[in-house]
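# A structural walkthrough
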Amino acid sequence: MVNSTVDTRRFSTRRWRCLGWLVCLLAGSLLALAGLAQSPDTKQARVLTLDDSINPATRDYVERGIQRAESNNVELLVIELDTPGGQVESMRRLVQTILSAKVPVVTYVTPSGARAASAGTYLLYASPVAAMSPGTHLGSATPVTLGGEGEDANSQAMHRKMIEDAVATIRGYAERHGRNADWAEQAVREAANLNAQDALDRNVIDVVASDLDDLMAQLDGRRVTLENGTRTLSTEGIEAVRELPDWRTLLLSFIANPTIAYGLLLIGFYGLVFELASPGTIVPGVVGGISLLLGLFAFQVLSIDLAGLGLVLLGLVMIVGEAFLPSFGALGVGGIAAFVIGSILLMEEANSAVAWPLIGGTALVAAGFLLWGGIRLMGVRRRIPLTGREELIGAEAVALGDFAAGRGKVLLHGERWRARGEARIHKGDKLRVTALEGLTVTVEPTGVERSSTSI
């Protein structure tokens, strides 16, 4: 009887266990089918928009877009280009990213009226697929310096070196993708330009397309050369997903504007000079330090990561320094600003769910300490002085005798003081101190009855 009961319990346990496994397996299968139903295997083309100069900010935007396209295994990435040119170093780094990309990159000069001037021409030649809209043009790829070309022999020699280096660079891009290298050299040496149809006829670009749909239709079945081999594009029924520049990219582009960048360098330099000339002013040093780091980033002396790290560290030092130096909030406010700006530079994405709470929390804590310190300071300033000359003014005293000719002695804080007063003062009168000159106080009656205090 006991054995039968035990066997029944064992069978019941096994049955429920099997039923549980079956339910879990069924639920997992349903979730997998739901995932497949909700995420169809559609081909995607990521579309970036570069309608500004090529600078550290736009370079960072395109590089991150290429990295995301590679990680998501998209079919191709399209850069819609409209640029007057840009910085040589940013252009070279962006070209290196395009040439080493594992996803096909299509540089498409659009809309009508757009241009791929100067550094934009190099991007077109470096891309596996170069396309243009009707009514667009490219060229004028001659490198220039900020100060212009000098008249002396050294300047002329340096300019020739720059030209030869640029020619070798763009010819290398052209030969890699089988495009017209001779015209590329002409664009560098003579600042030549071509419209879209002429560029197609002279084998400078690969496609002339009226819009993005036309471009996708013409690219279907086209073979492109990547660093890891050749690939055949399949763009039929492809879904175009746009990734527009976010506010972070727009802010960094504003900072990287040559006029703004030059102004930041000047503010940084003169701010530090003024601080060194007048130590303790604080505000010029704070503004100068932040501006100098931003200016060095804009001119690519510092990379975006180094500039961001420098601003974060500078901000933390300023926030800590606020507790030890009488800066009246200048260090604290400047430290919070430097920390936030540096954190924005270091953020991988402007809408990062992890970065924002950390940045905001740290800034709010620092601002809270700064506000608390300011409130404490105001409270201390309102407090009645307990020592020194200020504390004696308004203090109460008692006359030790009748005043003769307006002079006498008073008891003040347990001490005998010489005193003078204009009113008739008698022994025991309660007095109030109105002024202090040397070791003599000026007093006046408080209107209170006499005190019997004496010494």
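Here, every reference points to the structure presented above.
Read on for an overview of the structure. Along each chain, numbering runs from 1 in the same order as the chain's sequence is written. For this predicted model, a pLDDT threshold of at least 70 governs which residues receive local features, and a threshold of 80 or more governs which side-chain atom pairs are given and counted, while totals over whole chains, interfaces and linings are taken from all residues. Water and hydrogen atoms play no part in the side-chain values, which are based on all heavy atoms of the structure.

## Description of the overall build of the chain
Each helix is a run of DSSP H or I of at least 4 residues and each strand a run of E of at least 2, with the numbering of both proceeding from the N terminus. Looking only at helices and strands, the chain has 15 helices and 16 strands in total. Summary of the burial criterion: residues with accessible area below 20% of their type's maximum are buried, those above 50% are exposed, and those between are partly exposed, where the area comes from a 1.4 Å probe applied to protein chains only. By the burial criterion, 41% of the 455 residues in the chain qualify as buried. If you take every contact in the chain between residues at least 6 apart in sequence, the share linking residues at least 24 apart comes to 61%. As displayed, the chain has an accessible area near 25300 Å², and 59% of this comes from carbon and sulfur atoms. Should any heavy atoms of two residues lie within 4.5 Å, those residues are considered in contact. Here the Shrake-Rupley method, with its probe set to 1.4 Å, supplies the accessible areas, and only the displayed protein chains count as covering residues.

## Here we look at the packing of aromatic side chains
Geometry of aromatic contacts follows a simple scheme: Phe, Tyr and Trp rings, the Trp one being its six-membered ring, pair when their centres are within 6.5 Å, and the pair is stacked under 30 degrees between planes, edge-to-face over 60, tilted otherwise. Summed over all chains, the structure comprises one aromatic pair. With a centroid separation of 5.2 Å and 75° between ring planes, the pair formed by Phe269 and Tyr270 is classed as edge-to-face. The class of Tyr270 is exposed, set by a relative accessible area of 54%.

## Structural notes on the packing of helix α9 (residues 247–256) against helix α10 (residues 258–277)
Helix packing geometry: the angle between the two helix axes and the distance between the axes. Here the axes come from fitting lines to C-alpha atoms, over the contacting stretch only for helices, and the angles between their N-to-C directions go from 0 to 180 degrees. Viewed as axis vectors pointing N to C, α9 and α10 meet at an angle of 65°, and their least axial separation amounts to 5 Å. One finds that α9 runs roughly perpendicular with respect to α10. Two secondary-structure elements touch here, α9 through Phe254, Ile255 and Ala256 and α10 through Pro258, Ile260, Ala261 and Leu264. Angles are sorted into four bins: roughly parallel if under 35 degrees, roughly antiparallel if over 145, roughly perpendicular if 65 to 115, and oblique for all others.

## A look at empty space enclosed by the protein
Lining residues are those with an atom within 4 Å of a point, where the points come from a 1 Å grid over the protein atoms alone and group into cavities, where a 1.4 Å probe fits but cannot get out, or pockets, open sets with protein on both sides within 12 Å along at least five of seven lines. Grid points are joined across faces, edges and corners, and a volume is the space filled by probe spheres set on the points. What the rule picks out here adds up to one cavity of 30 Å³ or more. Considering only enclosed or pocket space, the largest cavity measures out at about 40 Å³ in volume. If you list the elements that add at least two residues to the lining of the largest cavity, you get α9 and α13 (330–346). Following the grouping adopted for this structure description, the nonpolar residues are Ala, Val, Leu, Ile, Met, Phe, Trp, Tyr, Cys and Pro, the charged ones are Asp, Glu, Lys and Arg, and the polar ones are all others, Gly among them. Per-class residue counts for the lining of the largest cavity are six nonpolar, no polar and no charged.

## A closer look at the packing of helix α12 (residues 304–321) against α13
Two elements in contact, α12 and α13, have axes whose closest approach is 7 Å; the angle formed by their N-to-C orientations is 155°. With respect to their mutual orientation, α12 and α13 come out roughly antiparallel. Considering the relative orientation of α12 and α13, their crossing is left-handed. Taken together, the residues of α13 that come into contact with α12 (itself represented by Ile304, Asp305, Ala307, Gly308, Leu309, Leu311, Val312, Gly315, Leu316, Met318, Ile319 and Gly321) are Leu331, Gly332, Gly334, Gly335, Ile336, Ala338, Phe339, Ile341, Gly342, Ser343, Leu345 and Leu346. For the contact of α12 with α13, the residue count by class is 15 nonpolar, eight polar and one charged. If you view the pair so one helix is near and one far, a crossing is left-handed when the near helix is turned anticlockwise from the far one by less than a right angle, and right-handed when it is turned clockwise.

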